[in-house]
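Residue-level structure breakdown
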Amino acid sequence: NCRRMPTNDPLRNPFQYNDPLNNNDSSDEPVQPGHCTDSDSDVDSGSELGAAAHMLKRSADSSSTSSNPGPSLSSDDEIPEADEVIEVEEEDEEEEEEEEEDVGREPSNPTALSKVLDGVLTEEMLEEIEKTVESERTEKEKERESEVERSEVEKLCVECEDQVAAQHCHQCQERFCGACFHAQHRKGNRSKHTFTALTLNISLDSAPPTDSESNDTAEFDATREAEEEATNFTERAKYIPLRLSLDERKMLRLLEAALYVSEYTDRVDTRKLKNRGQLLHEQILNVCAILSGLVLSRDFRLGEKLVRSRDFKPYASFFQMVFELGRRHKIMNPEKMRSEYGRLMYLLQDSVSGEVQELLEFTCKRSIQTVHAFLAEKGALDLLDDPHLLYATRAVVPYGKNGPKSRADIRYEVELKERAVKHLSKKYSKSSRVTPEEILHCIYSIADNESFLASDRDCVDKMIAYLHKYFSAEEHEDEFSLSISSGTGGARLSHSHKRQFLYVLQSLTLWRDIANDMFKLWYLADEDLLSENKYRVVDTGQGLNRVQNSPRVAKAMQRLLANTQRRADGDWVGSSVIHLGDSNVPNALMFIDKYAQVARILNPIVTTLERLEALHSSDDKIGEYFDEQFGGVEKLRKTILSDFFRYAFDGSGADNFFDAGSCIDGRLTSAWNWCSQL
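Some details on the overall build of the chain
Secondary structure summary: the chain contains 29 helices and seven strands in total. Here the chain, with 678 residues, has 41% of them falling under the buried criterion. The long-range share in the chain, meaning contacts at least 24 apart out of those at least 6 apart in sequence, stands at 70%. Accessible surface, the chain as shown: approximately 37,900 Å² in total, 48% of it carbon and sulfur.

Shown next, in the form of structure tokens:
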């Protein structure tokens, strides 16, 4: 029981993980099996094991000074009387009874948090909490927020009130986005109105536009842009989270277990809570229950002390660390924590509110640890500018531009990647305060982002390549026409072949750009959800949902949409409305979760198209079926693609023009509808 495993092994733990609840170890030296350490600081004197170790140590010291081997009792030693032993036992029993009484005893001076937990929440207390929260916001901050809101409203389209205005009509004296201007000025006297094109200046403090984005006349070069995206690691690393270490993964399992059994959203987001007092009481009660459970599961003695004292502030760093691990893990693995992540974010969303934060006396929110932030702290940002980083983080995939790769090509890429990793870890560990293991950790974190792009972005690129290979905007075969008509086959849009081709191409291009910036959008969605923007619980037609404005994600999406529209061939087809913070897409969590499903829709289709030839040649009966029913593999592939391009983009997401159909959100909803009918 006295042996301890070493904690400074870089293979087990490249980062020296500090547990806020267990930070009293004064030595990390390994202990030989079967031996105790000599220093008293290595023994927990407050536990029964520690007391036994101290007794063994004292007996060993006394025996070492004696001439006779082994423990013995001299004649001069005094043997305690039986009465003395009974008195000591009675004192121990009295101490245990006092400890049991302390567990159930109320604090002498109950705090506001204790009163809320006990259900003693009066209107005066609620008003006092609100006044305290409001006093922290100065008048200058309120004026600045109102000015920002007015400036944002002036930039929006007067019709849809969602998209940035792009044209100013001289006769209407109003501003419109491109889609709304064409919709309102299609016929009649309005078709003769004149307009002035407005300069689009969509800025985001966290992501300033590059020189290529500010040049509206520049032609789109996919190869050049892909190379710039791959080599701009300095900007990308700001949104790439660090991999979780071994000890952090243990804490993650604790968090997932706590969230799995939690019923937080079922208890808080309900119609039963009639007023704000009941809501605040239910929020703080469930938040404290989860916080207490985390500490109790980690350390029973500390958890027992926390339940008795109801003082959560000393454990603030522990709570911040645990919740940050869950948020970081979700960004790097969008397919994980499907239900637990929603409970986690809604829990944190309530914990950062003014009333709950005032009662807890701390915030559960902590910034996500990214690769850029870690390297900046260690003074090793030069790593992100090293050209070898491109080879060290590149995802090794079995296919290339010209088809499947040979085994020799894959082996060469793997060896090249390993040499680049070793070179970087050796080079930058000498010139900075970072260790080779930490350099490897950062490199592998960036490589995880490359692997994500290979799985979620490349499928969209392949679908765009299939569209250009088998279809054309100018020419088409009658059998494989992409034209759709409203009311036919469930379609709610009417497009000619050329217009549908452009509509599909523009939609896929936008999905590709969103997948490329998915980590950044996850990061901004996290900031929006845990901001001071208040939400409201509304029945959106799909149950009760939290409707909240998401300005950071909205600006990033407007920027992506503007870039896609600038590169589009011809006019933009369909609506440009981005639903966010309304009944269609209530908050940033719903928005980012929807676009994380694009790869789940496209990857099965791409995999099927790629394996048709192998399936045709592997079985004579299946090959004969392909030839007789579809006219060969190429026609079968074209049949599948034409069905997808027609009916997965037919506007079946909703019933009207603005609420889906051809809007940005409705394009993805239509693809969902197509998948559900397979």
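A closer look at the packing of helix H21 (residues 458-470) against helix H28 (residues 633-647)
Where H21 contacts H28, the axes come no closer than 11 Å and their chain directions differ by 115 degrees. For the element pair H21 / H28, the angle class is roughly perpendicular. In this structure, H21 crosses over H28, and the sense of that crossing is left-handed. Facing H21, whose interface residues are Met463, Tyr466, Leu467 and Tyr470, H28 presents Glu634, Arg637, Lys638, Leu641, Phe644 and Phe645.

So, the pairing of strand E6 (residues 536-539)
Here four bridges tie E6 to strand E7 (residues 544-547), and the two strands are oriented antiparallel to one another. Directly across from Asp539, in E7, lies its bridge partner Leu544. Hairpin connection from E6 to E7: four residues lie between these consecutive antiparallel strands, with Gly541 at a positive phi of about 95 degrees.

Overview of the packing of aromatic side chains
With the rule as written, the count across this model stands at 15 aromatic pairs. On the basis of an interplanar angle of 50 degrees and a centroid distance of 6.2 Å, the ring pair of Tyr625 and Phe626 is categorised as tilted. The exposure class assigned to Tyr625 is partly exposed, which follows from its relative accessible area of 45%. For Phe626, a relative accessible area of 7% puts it in the buried group. Ring centres of Phe644 and Phe645 lie 5.7 Å apart, and the angle between their planes is 55 degrees; this geometry places the pair in the tilted category.

Reading the values: rules and limits
- Residues numbered from 1 in each chain as written.
- Predicted model: local features only at pLDDT ≥ 70, side-chain atom pairs only at ≥ 80, totals over all residues.
- Heavy atoms only, no water.
- Helix = DSSP H or I, 4+ residues; strand = E, 2+ residues; numbered from the N terminus.
- Buried < 20%, exposed > 50% of the residue type's maximum accessible area, 1.4 Å probe, protein only.
- Contact = heavy atoms within 4.5 Å.
- Areas by Shrake-Rupley, 256 points an atom, 1.4 Å probe, with all protein chains shown as cover.
- Axes fitted to C-alpha atoms, helices over the stretch in contact; angles between N-to-C directions.
- Parallel < 35°, antiparallel > 145°, perpendicular 65-115°, else oblique.
- Left-handed = near helix turned anticlockwise from the far one by under 90°.
- Pairing = 2+ DSSP bridges.
- Phe/Tyr/Trp six-rings, centres within 6.5 Å; stacked < 30°, edge-to-face > 60°.

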